[in-house]
Every structure is written in structure tokens, then in C-alpha cells.
Amino acid sequence: MSAAEKNTPIVTREKFSTEQANGKSSRTGMGWEELSQSFRDNLFYFQGRHQALATINDYYLACAYTVRERLVERWLRTTEAAFLTNAKVVCYLSAEFLTGPHLGNNLINLGIYDQVEAGVKKADLELATLLEHEPEPGLGNGGLGRLAACYIDSLSSLEVPAVGYGIRYEFGIFKQNIRDGWQVEYTDKWIQLGNPWEIGRPELSVEVQLGGRTENSADDKGGFRVRWIADRAVRGIPYDTPVLGYKVNTCNMLRLWKAEACESFDFQSFNIGDYYGAVDEKVASENLTKVLYPNDEPAQGKQLRLEQQYFFVSCSLQDMIRIHLLTKGNLSKFSERFAVQLNDTHPAVAVAELMRLLVDEHGIDWDKAWQITTRTMAYTNHTLLPEALEKWPVELFGRLLPRHLEIIYEINLRFLDEVQARYPGDGARLARMSIIDESGGRYVRMAHLAVVGSHAVNGVAALHTELLKAHVLHDFYELWPERFSNKTNGVTPRRWIALANPGLTSLVSSKIGDTWLKNLDELRKLEKYVDDQQFREQWQQVKLDAKTKLAAIIKERTGVTVTPGSLFDVQVKRIHEYKRQHLMVLYIITLYHRIKDNPDIEILPRTFLFGGKAAPGYFMAKRIIKLITSVAEVVNNDPEVRDRLKVVFLPNFSVKLGQMVYPAADLSEQISLAGKEASGTGNMKFSMNGALTIGTLDGANVEIREEVGPENFFLFGLTTPEVYDRKAQGYNPREFYEANAELRRVLDAIAGGQFSAAESTLFHPLVNSLLSSDDYMLLADYQSYIDCQDRVNKAFQDQERWTRMSILNTARMGKFSSDRAIREYCEEIWNAKPVPISLGK
């Protein structure tokens, strides 16, 4: 019996219930007296501090432990229900979980935010100070990880048993600073001062093998068997974080895996003086979960990234099987107990790993194992960009995961037989659909593996799903149309309105009650207040307060003074050419040139605010950041501008910073080229907080415009069919450059060094790219964008009209709650149902 098996708990109802006899205590009570006592106890006994010597970190940790104590009973009860009922458990596999800080969200969901805020004031503390002190787990790069966090929140709020499985990166997404206008990356040491929300479970560790070779043999009954003889192994240690639902007792779990060496210290090496060699295995193993998304340009980076993906998938599936067998489950019923959702292609190797575990480790025949696997797995695609559909070189894959490559070959052989039977003689189709890409080099196509191994495939916006069916996965859609569906993304209103925008939350609740936080469709009730003058004034004041607060943050972090009364024009998202931050820069320069031509021209005062990180190895994205900061340097310091334009790049954009930015925005820039953005979720957060959108018909913009009304959305740009047509006809960006004098002047100014006097050729790569290929068609959309911005100016000058539009944007955002999305997944893909949790004695 392994150490993990010896430490596996024996599950009985009696053991779960023994703690409930004594009623509420200072560890579970929700009144301020119990909370206060718990806070003092945690400061004294847990932190070992007298109040006179306590630091802000001590106070934060004491507060966090006080709140966590209120989660534990709910967490154990939820676990009990999952163990002792036949409820289906949703297992959400994601390489990213960008949860954001936990304290404020847990206070909101427990319903004790106001009590704790008032209580800490009595102790001469400010809750805002503790919230600001909390480190943010940087366990994601952007929308993908934030979506996963929203979905785990909604699963708990809807009382659906669930586990989020991912990686406990020691260092998360890098911290970004701006030095001389350039992005500089720093290590994100998010757990340096401890993480009070997680509980390590070393007794539940699992072993993950890597490398080596396979050997064929026959079992006792003469059946074909394969043995994987790995050349190394690492141990996965689970760290569990409770995720509480909103004003319910369901508290699900985020289980993140940390890699450790199976043997962390080699005494023989140490004794002969090889002190570094004595810890080689420890260092090599722990590197596996050291950092989020290593640079995968070099071969070592590619290998580490594949190792990361396999590591967390194997740990998670082994964990599910352990739990299933622990509760006397039969593996033939595995798919009835667990619904596994693959969040993009990063966990797609789960298809091959579950087959390996079932066939090789548990002796299930291939056909039965394949039935279990396909009934368990479902796949969400998040991208239309070919480069983002992961492919691994066969040589690397086989060297690292030799048994899995054999399994994939067998899956592919059987799959292509099915395709051949359906479409005889169509060799081109076979080549397109094969899991192994042999069109140039040999690669394992992870998206194809995910589709073949899943019973359901979904896109994340209506347009995105149609493009998947028509282009990216068209052959698969023709073969299995019943597998495909759309599940438009959503975001949780608890974090993105209640926590981020307490002023708006209070105003809305004063008119329609507070049940809208559980049913966002109730925001529609706000429509009847659109013509209420007093309500519009209150709405304007809430927005001004948020802008004033953000202006102070901008001043503190960048030194730039902005006017809260100006139009806050905001684009905050990952820096990428297809998101077209540089199109917004072209507009800024256009306005700047108009001012230079006529300093007395009437220009609507605007604050242009950018935020987002560029991948460390992405040359052009980092150059876009430099362009933004260079234009800001010129515009902000030109006396002729007279503060009518301000350009700000706010460094180190994060969930915590987003909670300050989204409520303050007047205009949300969602300007990607039509047909490139899968969905977007920032667009939803902005609109929920009353910002108006300027955007293309891309991603979820299409559905947002449908919901809020075309008259409340600033539309510009080519449509997706027009983009395809222009590309097919041979798009020539230089034609637009030659035909448009303002555009030509803007690009010439950038290329000529107007914004890079010290190095006139600095932006030549950017301008040359736009003039030669312009893959994302900025020049084709430029004039439409400029004209649309003129319409924005006119609308903002009429504040009564703008306020009405703002109210209607918020009122009509019910569709974009993550609760709605999760209900659709539960009903149409997972067949998962709520299990209400009681805290009765």
C-alpha cells in the first residue's frame, strides 16, 4: 500500500458530522462579536502577534483566516454531499485560473462585507487597506484564466458540485513595469508572504511519469498489454482553495498541483561532496511548476510547457479515479460521476491520459475505455487564430510521452477509418482531419485530439461558433454536427459589479432590490428609471466618483494628471496585434495633428487609457507598448494640447486594477478585426458598469449590440464576410495609405521619428508591417473608426443622452452573467444538477 493510500480518509457520514454538535462559535458565527473574537484569536495564536507589534500583513492574514474559518464548514458539507450522493461533479481543467484577490469576494459571497468593514474600523483599520495589501495570484494570462475563475464562482453560486483543476505556479504572470517607455518584466512572487486561502494536501500526492520507453507483453489471459517504463517521475502535491458561492452554502474547491521531486535529496551525492548534485532532482522537478507559460521559443521552453500540461492533467485524472474508487465507484460508471471540461487545448492530452489510465493501469478493454473517455470529456475552443491551436512536434511528444503517442496513433487510426468509411476516396479530407499533421514536419494537433475525444465541442460566442463550424473545424462539424454548440461567455456580477463598483451596486439595489446579483436579468427593471432625472443624476455621480478614484490611482502610478470630467476612453487587455491597440493610437495622433493645425479647434477632452501585458517574446506587441508611451510623452507635454488630450499607459494590469478601471470607463474599446476575437469578456465587464462600446462585429460584441440595442453601441469596421472577401481579392494596405491624407500623415509621422526623436527608425518595423501586409487590416478600418469616434464625441457632449445609453447598457446585460453560461453547460453538455447544502446541526 502506498503512502498516499495509507493516508486516504475513510469516508463515513458520522465522520463528516462530528464537528456539528456544539453550535456556532467564534470560528463560525457571523455576528461582529464572533468575527471580532476570531480576528483577535488569529492575530494572537496564528500570527503570534500582539496588536501593538502587528504589521499590515499580520492584520490581513488574521482577517483572511477569520473569513476562511467561515468557509470551512460549508466546504466540508459540500464535499460530503459530493462523496455521499450520486451527484455528478464538474471537473474544470484549465492551465489558468486568474482568480483575483480572495478576501473581498468571500466577504461579498458570505454577506458580511459591511459588518467586517465596520468592525475593522473599530480596530483603527481600514478594510480597503487590507484589500489593497492582499497579493493577487497571477495564475493566468488574461481572459482564459479569468473566465475559468468566473465559472468556478458560478458553479458554486448555482450549487453545482465542482472542482477546478490547474497548476499552482510558484511565479505567476510577470509583474510589468514601464522603463523608458518599454515593458520590463519582473518576477511575480505572489506567495512570498504566504497564502492563507489554500491548504496543502501532501498525503494526497500522486506520481507522474515522464520520458522512457514502452514494452509490449501479454497478460494472464493472453491479452495485449503495454508497459510504460519511464526514465523519471515527479510528485504532484495538491493545494486546495475553497470557492464559495454567493449567499449559498455550496463551497466548491480549486485544486492546484505543485511539482516536487519524488526524492528531494541524494545522500550519496552529498556524502562524496557533490552538494549541488544532491538536490538536482529537486530543482529539476520543481521547475515544472515554477512559472506560468515559459517562453516556448527555445526547444527547452516547448518541452517544459508540454510537461506542465501533462503534469496537471495526469494529477487531476488520477485524483478523480482515486475519489471514484474510494466511494466504491465502478470505473465503467466514471462518466456518470464526472464531467470533464477541457478549457481550450492546453489540457487536451487528457484524452490520451484517461485512455492510458483505464487501459494500462486498470485493465479496461480499449472499446469500453474509449466509450468512457468520450462520454466524460467535453472541449471548449477559445480561438480562431491558427497559431493558437496547439501543435506539438511528434519527436518531442514521443520523447516525453512515448505511451501517449502510441495511444494517439491508435485513436487516429480508428478515427480515420471512420472518416474513410463516411467519405471514401477523399484523401485530402483525411489529411486535414488527421490528429497527426504531416503537411510539413510531423505534429500532434491537440485541437483535433480534443474534438475526436470529446462528446461535445463548443465555441464561446455565436459568431465564433459559426466560424468554427464554417472554417476552423468545418470537417469535424460535417462529420459530427450534433457535437457542436455555442456557449457564449459570461462574467460574474459579484466580482465585477458588487465588489468592483459598490456605488453602482448600492444605487441599483436601492431601486430594484439586491436579488439581481443572483439573477442578472432583473437589471431590466432599471429601464423604467431611464427618464427619471434624479436617477440619472445619481448615475452620473456614481460614474464621476469612480473616475475620480481612478484619476488618483493614475497620478500615483504614472505621475500623469487627468481630468475626471473628460471622456475616459479605455482599452485594457492583452497586447496583441489582432486586438489593434495601435488603431487607437492612430486616432490619438490624428486628433493631435488636428490640434497642431488649429490650436483653437474644439476638441472633446479625452483621457485615453491603455493597460495590458505583452508576451515577453512578442517583438511587435512590445513595440506597440513603446509606441503608446512615446505618443503619450509627446501629447501630454505639448502646451498647445492644453490638457484636452491625455494618454496613459497604466502598468501591470490585473484583476485588482481591473476592479478600479471598469467602473470608471466611459467608452470601451473593443476594436479587434472582425472574425479574430473568439468572444472577449472585458467587453461585458465594461458594459455591466455602464460604459458604452465602440467596436466591430467581432466576438461577443455582436451579441452585446443585439442586447443593448444598435442605437446604444458605436459600430464601425468591416464585417467578417467583408474581411474574407478583401483577403480573397488580394488586400493591399498601401492603397488605403495613398488614398487617405490624414492616415498617410499619421503613418509618416510615426515612421519619420515624430514620436521617437532619439531613434527615428524605432517604429519602422511597425509601419512597414502595416504598409506591406497589415494582417489585421487597420488601414482598411481606419476611416470608419475615425468617423465613429466623431459620433462618440457628439453623443458624449449630450450628457443626458449619454447617461440614458449608459443605463440601458447596464440594464440589458443580463445575458452575459457567467451564471447563465454555466446553466447552459449544465443542461446541454454536463448533465449536472444543483445539490443544495444545509448547515443544520
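Note that the coordinates shown come from a computational prediction; the quantities given were computed from them, not determined experimentally.

1. Remarks on the pattern of salt bridges
Working definition: two side chains of opposite charge can pair if their charged atoms are close together. The final tally for this structure, using the stated rule, is 59 salt bridges. For arginine 255, the salt bridge goes to aspartate 240, with nearest N and O atoms at 2.7 Å. Highlighted residues: arginine 255 in strand β10 (residues 251–261) and aspartate 240 in strand β9 (residues 232–244), separated in sequence by 15 residues. Here arginine 255 matches aspartate 240 in class, with each residue buried. The residue glutamate 527 makes a salt bridge to arginine 524 at a minimum N-O spacing of 2.9 Å. A relative accessible area of 40% means that arginine 524 is categorised as partly exposed. Among the ionic contacts, a cluster of salt bridges with common partners joins Arg201, Asp240, Arg255, Asp319 and Arg322.

2. Some points on the sheet that holds strand β23 (residues 714–715)
The strand order β20-β19-β18-β21-β22-β23 describes an open sheet built from six strands, whose pairing is parallel. Single-partner strands in this sheet number two, and they are β20 (645–649) and β23. Helix α24 (residues 581–597) contacts β18 (567–572), β19 (606–611), β20 and β21 (667–670) of the sheet and is inclined by roughly 155 degrees relative to β19.

3. With respect to the confidence of the model for the chain
Averaged over the chain, the pLDDT score is 93; the fraction of residues at 70 or greater is 94%. A low-confidence stretch, residues 1–23 (pLDDT under 50), is modelled with 27 contacts involving residues beyond four sequence positions or located in other chains.

4. Some points on the packing of aromatic side chains
Scanning the model with the defined rule gives 24 aromatic pairs in all. Taking 5.9 Å as the distance between ring centres and 45 degrees as the angle between the ring planes, the aromatic pair formed by tyrosine 731 and phenylalanine 736 counts as tilted. Take tyrosine 731: its relative accessible area is 15%, and that puts it in the buried class. In this structure an aromatic cluster arises from ring pairing among Tyr92, Tyr151, Tyr825 and Trp830. Positioned above the aromatic ring of tyrosine 443, the side-chain terminus of lysine 391 is 5.0 Å from the ring centre.

5. Quick word on helix α11 (residues 299–326)
Taking 1.5 Å per residue, 28 residues should reach 40 Å; α11 reaches 40 Å between its end C-alpha atoms and fits that length. For α11, the tally of buried residues reaches 20 of 28 residues, placing the bulk of the element in the interior. Once α11 finishes, lysine 328 follows within two positions and takes phi at roughly 60 degrees, a positive value.

6. Concerning empty space enclosed by the protein
Tallied over the full model, the rule gives six cavities of 30 Å³ or more. One number sums up the size of the largest cavity: a volume of about 180 Å³. Every residue lining the largest cavity is counted, 17 residues in all, and those nearest its centre are Thr99, His102, Asn105, Ala149 and Val243. Elements that contribute at least two residues to the lining of the largest cavity include exactly α5 (103–110), α8 (143–157) and β9. A total of four residues in the lining of the largest cavity trace back to one element, the largest contributor, which is α8. For the lining of the largest cavity, the residue count by class is eight nonpolar, six polar and three charged. Mapped by element, the contributors of at least two residues to the lining of the second largest cavity are β9 and β10.

Parameters and conventions
Residues numbered from 1 in each chain as written. Predicted model: local features only at pLDDT ≥ 70, side-chain atom pairs only at ≥ 80, totals over all residues. Heavy atoms only, no water. Salt bridge = Lys/Arg side-chain N within 4 Å of Asp/Glu carboxyl O. Helix = DSSP H or I, 4+ residues; strand = E, 2+ residues; numbered from the N terminus. Buried < 20%, exposed > 50% of the residue type's maximum accessible area, 1.4 Å probe, protein only. Pairing = 2+ DSSP bridges. Contact = heavy atoms within 4.5 Å. Axes fitted to C-alpha atoms, helices over the stretch in contact; angles between N-to-C directions. pLDDT = per-residue confidence, 0-100. Phe/Tyr/Trp six-rings, centres within 6.5 Å; stacked < 30°, edge-to-face > 60°. Lys NZ or Arg CZ within 6 Å of the ring centre and 35° of its normal. Expected span 1.5 Å × (residues − 1). 1 Å grid on protein atoms, 1.4 Å probe; cavity = no way out; pocket = protein on both sides within 12 Å on 5 of 7 lines; lining within 4 Å. Points joined across faces, edges and corners; volume = space filled by probe spheres on them. Nonpolar A, V, L, I, M, F, W, Y, C, P; charged D, E, K, R; others polar.

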